[in-house]
Structures are given as C-alpha cells and as structure tokens.
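Each chain is listed here by its residues.
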Amino acid sequence: MVKIVSRQSLGTQPVYDVGVEKDHNFLLANGLVASNCFNKSHSTAYGFVTFQTAYLKANYPVEYMAALLTSNSGDQDKVQMHIANCISMGIEVLPPNINESRVDFTPKGSKILFGLSAVRNVGQGAIECILQNRDEAGPFRSLADLCDRVDLHAVNRRALEALILSGSFDPLEPNRNQLMHDLEFVLDWAQSRAKDREIGQGNLLDMLGGGADDSGAAVPAGGFESAPKAPPVANFDPQDKLKQEKELLGFYISDHPLKSVQKSARILAPVNLGELEGLPDNMTLSAIAMLANVKPIITKKGDRMAIIVLEDLSGSVEGVVFPRSYERIGQYIQPDARLMVWGKCDRRDDQIQFIVDDAEPIEDVQMVMVELDSSIAADIEQQHRLRNVIRNNQGDDPKYARVPVIAVIGKAEKRQLVRLGAQFRVKDAEAAIAALARAEFKARKSPLISA
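Definitions and limits used
- Residues numbered from 1 in each chain as written.
- Predicted model: local features only at pLDDT ≥ 70, side-chain atom pairs only at ≥ 80, totals over all residues.
- Heavy atoms only, no water.
- Axes fitted to C-alpha atoms, helices over the stretch in contact; angles between N-to-C directions.
- Helix = DSSP H or I, 4+ residues; strand = E, 2+ residues; numbered from the N terminus.
- Parallel < 35°, antiparallel > 145°, perpendicular 65-115°, else oblique.
- Left-handed = near helix turned anticlockwise from the far one by under 90°.
- Contact = heavy atoms within 4.5 Å.
- Nonpolar A, V, L, I, M, F, W, Y, C, P; charged D, E, K, R; others polar.
- Buried < 20%, exposed > 50% of the residue type's maximum accessible area, 1.4 Å probe, protein only.
- Core = buried A, V, L, I, M, F, W, Y, C linked by side-chain atoms within 4.5 Å.
- Polar contact = N/O pair within 3.5 Å; in protein donor to acceptor, adjacent residues only side chain to side chain.
- Pairing = 2+ DSSP bridges.
- Patch = residues over 30% accessible without salt bridge, like charges linked within 9 Å, V, L, I, M, F, W, Y side chains within 5 Å.
- Areas by Shrake-Rupley, 256 points an atom, 1.4 Å probe, with all protein chains shown as cover.
- Salt bridge = Lys/Arg side-chain N within 4 Å of Asp/Glu carboxyl O.
- Phe/Tyr/Trp six-rings, centres within 6.5 Å; stacked < 30°, edge-to-face > 60°.

### With respect to the packing of helix H2 (residues 61–71) against helix H3 (residues 76–88)
Part 1 of the argument: Between H2 and H3, whose axes approach to 9 Å, the crossing angle comes to 165°. It follows from the interaxial angle that H2 and H3 lie roughly antiparallel. Every pair of crossing elements has a handedness; the one defined by H2 and H3 is left-handed. Contacts from Met 65, Leu 68 and Leu 69 of H2 reach H3 at Val 79, His 82, Ile 83, Asn 85 and Cys 86.
Part 2 of the argument: Among the residues making up the contact of H2 with H3, the classes are represented as six nonpolar, two polar and no charged.

This is the structure:
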C-alpha cells in the first residue's frame, strides 16, 4: 500500500498514460507507482461518452429513451424516473401490446412501446413462444386465437392473466374483466383442441372450413370464433385497472392517479420525489403525491404514527408521519390517498426519508389567484404592498398557513403563472381575497381539481 505524502504544482504540462498493465497510474518521486489514479485519458473518454449520449438524446430522443428504459428494466425506481422524463419530453410510453410489443422497450414512431419482459409473471419461455408464433403465423386475433396457437405449457394461465390485466390484450378486447371471465372457458377449449391434434383427431368443423375474418384471413368454421365465452360482464373500475397495472408492471402505465393534476403540481409543489437526493435536509418542502403503502404503528407510549411510501410520476420515497403530526392528519393517511404534503428530508443510514409535517387531500387544496398587469408586477412599490397584504393573512403561526398564492401576470395567451413561494401562503383563502380586494388587487379562489 502506497500513499502520496506531498504534492507540488509543476504548472501546465502534457499528461501521458503510464501504461501499467491493469490500472492507469502515475509515478511518485521515489519511483513507486500510485495505482487507481484518475488521469486525463479517463476524463477524455468519459467526456466523449457524455457528448455521444447527449447527441443521441437530442437528435434521437425516442430511440435513446427506449434504450435507456431497456437497460434499466430491472430497476423499477429508475424505470419510473425515466418514464417521468419521457412524459416531460413529450414522449408517450404505451402499454404492452400482444401484437406489437417485443422483448424490450421499442420505438413506435414518436412513442415507446412497453416490452413484454417487463410484465411480471410472464417468463422468457412464454415470450419466446408468443413472438415465434406471431412472427410465423401473423398477429393474434383474439385471446382464443392465441390460446389455440401457442403451447399452453409455456404460456400458462398465470402468464395469460398477467398479460390481460397489464393491458396487453386491450387492442383486441378492452374489457379486461370479460377476458378474465372468458379465460377459464377458453383454456379448456384450447387444451381440448390441442389433445385432439396430438392424437390426430381433427375437429369436423375444422375440416369443413369456414369463412374469413375482418382482415380477409381465412378462419376455419371450428376455429377461434367457435371458442366459448362467459356471459357479458362490466369492465373493471378505472382505479382497479390501475392497481392491477401497478402490481404487474411496478408502476402505472395507461394512466396515473396524479396525471390529472400534473400541471397544477408543477406550480404548487415544485419538488419531485425522484429528485430529493440533492436537496438540503433543513428545507421545508411540498409535494403532491399518492400513498402507495401505509403501515400504521403504535409507539411504546401508545401513540399512533405511520410509515408510508409516497409516490408521484417521477418516483417514490419512504416517509414517516410522527405522532404529533399523525394526531392532526391521521384521517388522511390511507392507502391510495392523493395528498399535498409538507415536510423535510431526513438522511439516516444513507437513506432518504420524507418527514411529513402536514397533509391535505388534493381535492381540498385551494389556491388564491392574484391577477396582475405586467406593469404592476414589475413595480417594486406594488410588490411590497402585495407582500404585506399576504403576510398579514398568514395567521398567528405562519407554518400553519397552507393556502398557496399564485400570481397570474399578463392576459390571455401571454399570461404567466408564478408561485409566490412557501413564505407567502395564507391561512384563510376567503379572508385573504377580501383583504387583497381592499388593497385594490383582483383575486379569486381556485381549486386544484376543478369540479
């Protein structure tokens, strides 16, 4: 083991690779070698790779992001973060499609198609069987057609259920609940046909031949159209469909419970949960998130608290609601609740936790919108008057002032929304609007979610 005991600047000089067999190194004054040193040849190579990836992302964004999603497909947190980046870049990530998806994420025009390998409970053998049959005999025309054509030992019931509930069959039949009810009948039918083929006993209707489907392809009279179906049933509730997608894909893909408030979230809660790593610990933060998991806890003193998992479109983080906060907001701490939360980051044991101080259901979040002409917004005296009115409506304890104030600057298409910051929230929206009106500022109350 060798260590450097002193250094002396020699100014700007050419740097050469010493050329030692295993590591890049440089020589010390006494002739010994210091290993694992980061010299210019390394930085040049990394800089060139950075340039290449930046070029690909700028000029081939869909292909680049598809490759990035594929390379990180085993890490759900990273995949979720990259999908959020795709959304911000205007690239839509489509759900898996039984007739178009390949093994990995693949570009489809200006969109990215989800890979079948990312669907839980669908093994590599099942994917290979599906793709080989699809490539050789053409697209599948129904669930029954697929079950009749593939080896049901490779593509078993568990894999078929996962494909249905993840939305892979939606282009063929959007009613996932109907397909789940049909599956029992279709499997029995397909297995019976497979046994007949094994012993060379063809179905009479197959021999007679049939007509053609909508695409003009020949369909035997005893083909998939003769498969039995369950009685008609209603489709799953949208929230149930999203929960099933989350269970099988690790995240929401066809929709997201927070997508409807995404634009408002950017104004009210600029913090994304996937970006907490670089934020200071002592800073009060706000975020709009969903509770993906809630674990109630009773302390030794008998107080109630909770360990939770907060999630938004960018990622997820573990959170803690301590007894003092739980006493005030415990009624909101429920699985799948969509909340606006306030709190701080805590880093213990090299892990980030979000300490929740306060929370409010996003359905109850109200904003005070102050309309300002550009000339007024640029006037320092008017800014000072507006600041004083807001601060006078924060109540006795500003930390409990939770109603955000948004400045609407300009008019029509040129208007700009500006969040005035956490230090300018008010306690009572109605009282603040009345005070602003007395100060000749035009203001109104607006919900985060419109009725």
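Let us keep going from here.
### Looking at unusual backbone geometry
Glycine aside, a negative phi is what most residues show, and trans is what most peptide bonds show.
Part 1 of the argument: The phi torsion at Asn 121 lies on the positive side, around 75°, for a residue other than glycine.
Part 2 of the argument: Owing to a relative accessible area of 37%, Asn 121 belongs among the partly exposed residues under this scheme.
Part 3 of the argument: In this model, Glu 440 sits at a positive phi of 70°, which is unusual for a non-glycine residue.
Part 4 of the argument: Examined against the element boundaries, Glu 440 turns out to sit in the loop between helix H14 (429–438) and strand E14 (442–447).

### Structural notes on the nonpolar core
Part 1 of the argument: Core analysis: the biggest nonpolar cluster contains 49 residues, and Ile 112, Phe 114, Val 122, Leu 143, Cys 147, Leu 160 and Phe 169 have the highest contact counts within it.
Part 2 of the argument: Judged by nonpolar contacts, the second largest core, of 24 residues, contains Leu 291, Ala 306, Ile 308 and Leu 339.

### So, the environment of Asp 312
Part 1 of the argument: Considering the arrangement of structural elements, one finds Asp 312 in strand E7 (residues 304–312).
Part 2 of the argument: In this structure Asp 312 touches Gln 80, His 256, Leu 258, Val 271, Asn 272, Leu 273, Gly 274 and Ile 288, once residues within four positions along its chain are discounted.
Part 3 of the argument: A polar side-chain atom of Asp 312 sits 3.0 Å from the main-chain amide nitrogen of Leu 273.

### Some words on the sheet that holds strand E10 (residues 351–361)
Part 1 of the argument: With respect to topology, five strands assemble into a closed barrel ordered E6-E7-E8-E10-E9, the strand pairing being mixed. Across the sheet, the axes of successive neighbouring strands diverge by a mean angle of 45°, strand direction being ignored.
Part 2 of the argument: Note: strand E8 (residues 315–321) against E10, three bridges, orientation parallel. Looking across to E10, one finds that Glu 318 is bridged to Gln 353.

### Description of a nonpolar patch on the surface
Part 1 of the argument: Among the surface-exposed residues, Phe 48, Phe 51, Tyr 55, Leu 56 and Tyr 60 lie close enough to one another that they form a single nonpolar patch of about 550 Å² accessible area.
Part 2 of the argument: Turning to its location among the elements, Tyr 55 is positioned in helix H1 (residues 40–59).
Part 3 of the argument: Judged by its relative accessible area of 43%, Tyr 55 falls in the partly exposed class.

### Let's talk about the packing of aromatic side chains
Part 1 of the argument: Under the definition given, this model contains two aromatic pairs.
Part 2 of the argument: Summarising the aromatic geometry, the rings of Phe 105 and Phe 114 are spaced 4.7 Å apart at their centres and angled 65° between planes, so their arrangement reads as edge-to-face.

### Some remarks on the sheet that holds strand E11 (residues 366–372)
Part 1 of the argument: One open sheet accounts for four strands, arranged E13-E12-E11-E14; its pairing is mixed. The open sheet terminates on both sides in strands that have one partner only, identified here as strand E13 (416–419) and E14. Direction aside, the axes of adjacent strands within the sheet are offset by 30° on average.
Part 2 of the argument: Here E11 pairs with strand E12 (residues 405–409) via five bridges, running parallel. In the strand pairing of E12, Met 369 is matched with Ile 406.
Part 3 of the argument: Of the strands in this sheet, E11 and E14 touch H14, which is tilted by about 160° from E14.

### Remarks on the pattern of salt bridges
Part 1 of the argument: Summed over the entire model, instances satisfying the criterion amount to 20 salt bridges.
Part 2 of the argument: Its salt-bridge partner being Lys 111, residue Glu 92 comes within 3.5 Å of it at the nearest N-O pair. In this pair, Glu 92 sits in the loop between H3 and strand E3 (93–94) while Lys 111 sits in strand E5 (residues 111–113), placing the two residues 19 residues apart along the sequence.
Part 3 of the argument: Under the relative-accessibility criterion, Glu 92 is labelled partly exposed at 43%.
Part 4 of the argument: Salt-bridge contacts for Asp 357 lead to Lys 344; the nearest nitrogen and oxygen are separated by 4.0 Å. Linking Asp 357 in strand E10 with Lys 344 in strand E9 (residues 338–348), this pair joins segments that are 13 residues apart in sequence.
Part 5 of the argument: In this structure, a network of salt bridges that share partners links the residues Arg 141, Asp 145 and Arg 149.

Such coordinate-based values are descriptive only and should not be taken to indicate function.
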